[in-house]
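Fold and contact review
Okay, here's what each chain looks like letter by letter:
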Amino acid sequence: MINLITSENLKYKASFDKFKLPSTEFPAGSDGEYIEKHLMPHKKNYTILELTDELLSDRNKLKTVINILYTKTKLICITEKITPSIKEVLINNGITDCLESGDPARIASYIKVLDSREYSRSGKFLILDDDPLQIRILNGIIKRFGYKTE
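Below is a summary of the structure that appears in this document. This is a predicted model, so every value here is computed, not measured.

1. What to know about the packing of helix H5 (residues 84-93) against helix H7 (residues 132-142)
- Close contact between H5 and H7 brings their axes to 7 Å; oriented N to C, the two are set at 100°. Between H5 and H7, the crossing angle belongs to the class labelled roughly perpendicular. Of the residues in H7, those in contact with Ile91, Asn92 and Asn93 of H5 are Leu133, Arg136 and Ile137.
- Residues that form the contact of H5 with H7 fall into these classes: 3 nonpolar, 2 polar and 1 charged.

Shown next, in the form of structure tokens:
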């Protein structure tokens, strides 16, 4: 299941349907309470979150939304261009997946790659850190290569 929180949900939904990736739409600018209430639990749950100027202008709302999405889904951000401000948001929120392209085919391909690696476990990494953001970043990178983290 792919949750869409973008300014062009219909475009993405139509494309993902072609790739046999079911999706559900959330209004752009949805707050954390709305998202948490309407997020459907699913084992393979991805969220495409568009980092718009409007969303970036309210850092508290953005942090709340990201924390909810990160704990309940696999979060992939999209943006027109990764600027220093976007990099800061990504690092400060522990986000490891951000694409500059809003191309639905590229996003679908990216999701299929992430999804395929999840099931081939190669071993374990022990993370000894008490910073939740650093743990989030390390988890995002390490799990991508088929390793488990503890």
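2. A word on the pattern of salt bridges
- Across all of its chains, the model carries 3 salt bridges by this definition.
- As a salt-bridge pair, lysine 11 and glutamate 8 come within 3.6 Å of each other at their nearest N and O atoms.
- The residue arginine 59 makes a salt bridge to glutamate 88 at a minimum N-O spacing of 3.9 Å. A residue pair is termed long-range when its members are at least 10 positions apart, and arginine 59 in helix H4 (residues 59-72) and glutamate 88 in helix H5 qualify at 29 residues.
- When its relative accessible area of 36% is taken as the criterion, arginine 59 is described as partly exposed.
- Classification of glutamate 88 as partly exposed rests on a relative accessible area of 41%.

Calculation rules
- Residues numbered from 1 in each chain as written.
- Predicted model: local features only at pLDDT ≥ 70, side-chain atom pairs only at ≥ 80, totals over all residues.
- Heavy atoms only, no water.
- Axes fitted to C-alpha atoms, helices over the stretch in contact; angles between N-to-C directions.
- Helix = DSSP H or I, 4+ residues; strand = E, 2+ residues; numbered from the N terminus.
- Parallel < 35°, antiparallel > 145°, perpendicular 65-115°, else oblique.
- Contact = heavy atoms within 4.5 Å.
- Nonpolar A, V, L, I, M, F, W, Y, C, P; charged D, E, K, R; others polar.
- Salt bridge = Lys/Arg side-chain N within 4 Å of Asp/Glu carboxyl O.
- Buried < 20%, exposed > 50% of the residue type's maximum accessible area, 1.4 Å probe, protein only.

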